[in-house]
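Survey of secondary and tertiary structure
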Amino acid sequence: MISGRCAACKNQRRKCPSDCIFSPYFPANDPQKFACVHKIYGGSNVGKMLQGIPTYLREQTANALYLEAKWRIHDPVYGSVGIISSLYEQIKNAEIELAKIQTQITFYKLQTQHVEAEPNSEVLQSQSSNMEQFEWDNPTIASWFN
Amino acid sequence: MGSGNSPCASCKLLRRRCAKDCIFAPYFPSDDPQKFAIVHKVFGASNVSKMLQELPIHQRADAVSSLVYEANARVRDPVYGCVGAISYLQNQVSELQMQLAVAQAEILCIQMQHEPSVAAAIPNPQQIMEFQEQNNNNNELTHHHHHHHQYLNFAAASSSNVIHDSLSRETFFGHDMVS
């Protein structure tokens, strides 16, 4: 059926057999999809690759090939590798920012703890224990307070 | 360089004469046959040749490196190839963005606690995050607080840039990759 050809067979100007390996994943209404993978991988290569994949994974494979082909067309030098580098860069920057902010949070928390520790009461505490010591050592003075 | 005597890896594999101006020769030396083999397997020699011809010479080495990388990824993962790695990295980015948002909300909360005028109405981090999402710009908030002004504003501004750049970046997957 000439009218029922998939995008791949239309592109290749051939008959589209009923068991065409491309037709489930390269429908006629999306000619761009096959055009992209054809440009980067070549039609027969795509067919070979799909044949090596179990049927239930072929749709994901075709879609992944389409994405990579699109990225390669968009960036002929780096393709999807350019995206990977940029993502690594983003991750690195985000980790640095996160570390900075977490350090600031720790700094604030430590500051707050230090202020809340009430150093005056501690000093008073130690002073009063010194006083007790003094009184024991000097019973005469102690008797004045009793 | 290609010469009549020592064919490059590509011409060896393709069993043809390696011309002096062989397009592959500078990038596929004969001592690394695997490099061309894998690129040929995934992309096909004629496609690689076409792609290289369309690029200025000074960019071809990088192009070959990235093609080799992609081909290796495709051989390792015949279904997803590089797309699998990208998906994984994007998840990491999202995860980090979330952690950043939480940390930013926390620090704003702490900063607000230091302001006596707003001490009575201290929002919790969740409220701050919602506020951030509504306004889509937390720089205004940080500018109100003068404690440790310079350093914190830099940190908050640059981290919001990380998030905003990523949010505005094109999402690659129109559908769930794993069905």
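Attention here is on the structure that accompanies the text.

Analysis parameters
- Residues numbered from 1 in each chain as written.
- Chains lettered and ligands numbered in written order.
- Predicted model: local features only at pLDDT ≥ 70, side-chain atom pairs only at ≥ 80, totals over all residues.
- Heavy atoms only, no water.
- Helix = DSSP H or I, 4+ residues; strand = E, 2+ residues; numbered from the N terminus.
- Buried < 20%, exposed > 50% of the residue type's maximum accessible area, 1.4 Å probe, protein only.
- Contact = heavy atoms within 4.5 Å.
- Areas by Shrake-Rupley, 256 points an atom, 1.4 Å probe, with all protein chains shown as cover.
- Phe/Tyr/Trp six-rings, centres within 6.5 Å; stacked < 30°, edge-to-face > 60°.
- Lys NZ or Arg CZ within 6 Å of the ring centre and 35° of its normal.
- Buried area = accessible area lost by both parts, 1.4 Å probe.
- Salt bridge = Lys/Arg side-chain N within 4 Å of Asp/Glu carboxyl O.
- Polar contact = N/O pair within 3.5 Å; in protein donor to acceptor, adjacent residues only side chain to side chain.
- Nonpolar A, V, L, I, M, F, W, Y, C, P; charged D, E, K, R; others polar.
- Core = buried A, V, L, I, M, F, W, Y, C linked by side-chain atoms within 4.5 Å.

**Re the overall build of chain A**
Secondary structure assignment for chain A yields seven helices and zero strands. Burial analysis of chain A (146 residues in total) assigns 38% to the buried set. Across chain A, contacts joining residues at least 24 apart in sequence account for 42% of those joining residues at least 6 apart. Carbon and sulfur atoms make up 56% of the accessible area of chain A, which amounts to about 9100 Å² in all.

**Some points on the overall build of chain B**
When helices and strands are tallied, chain B shows eight helices and zero strands. Put simply, chain B runs from its N terminus to its C terminus through helices and strands in the order α-α-α-α-α-α-α-α. Counting over 179 residues, chain B shows a buried share of 44%. In chain B, the proportion of contacts linking residues at least 24 apart, taken out of those at least 6 apart, comes to 52%. Of the accessible surface of chain B, which amounts to about 10200 Å², a share of 53% is contributed by carbon and sulfur atoms.

**Overview of the packing of aromatic side chains**
One pass over the full model with this rule turns up eight aromatic pairs over all chains. Residues Phe28 of chain B and Phe36 of chain B carry aromatic rings whose centres are separated by 5.1 Å and whose planes lie at 80° to one another, so their mutual orientation is edge-to-face. What links up through ring pairs into an aromatic cluster is the set Phe22, Phe26 and Phe34 of chain A. Note that Lys33 of chain A overlies the ring of Phe26 of chain A, its terminal NZ or CZ placed 5.4 Å from the centroid. The residue whose ring lies beneath Lys35 of chain B is Phe28 of chain B, and the NZ or CZ to ring-centre distance is 5.5 Å.

**Some points on the interface of chain A and chain B**
Of the residues lining the interface, 45 residues belong to chain A; the matching set on chain B comes to 56 residues. Contact between chain A and chain B buries roughly 4400 Å² in total, counting both sides, with carbon and sulfur atoms accounting for 66%. Contact with chain B buries surface across chain A, with Val77, Gln90 and Tyr108 of chain A losing the most and accounting together for 14% of the total. At the junction of chain A and chain B, the tally comes to three salt bridges. Note that Lys109 of chain A and Glu106 of chain B form a salt bridge whose closest N and O atoms lie 3.1 Å from each other. Taken together, chain A and chain B are joined by 11 residue pairs in polar contact (both at pLDDT 80 or more). At the level of secondary structure, the elements contributing two or more residues to the side of chain A that touches chain B comprise α2 (31–41), α3 (43–51), α4 (58–74) and α5 (80–116) of chain A. The residue inventory of the side of chain A that touches chain B, partitioned by class, reads 24 nonpolar, 14 polar and seven charged.

**Quick word on the nonpolar core**
Residues Phe22, Phe26, Val37 and Tyr41 of chain A together with Phe24, Phe28 and Phe43 of chain B are the most contacted members of the largest nonpolar core, which totals 48 residues. Elements with a contribution of two residues or more to this core: α1 (7–12), α2, α3 and α4 of chain A together with α1 (9–14), α2 (33–42), α3 (45–53) and α4 (57–76) of chain B. Once residues lying within four places of it in the same chain are set aside, the contact partners of Phe43 of chain B are Ile40, Tyr41 and Asn45 of chain A together with Val48, Met51, Leu67, Glu70 and Ala71 of chain B. By size, the runner-up hydrophobic cluster in this structure holds 27 residues, among which are Leu57 and Ala94 of chain A together with Cys82 and Ile110 of chain B.

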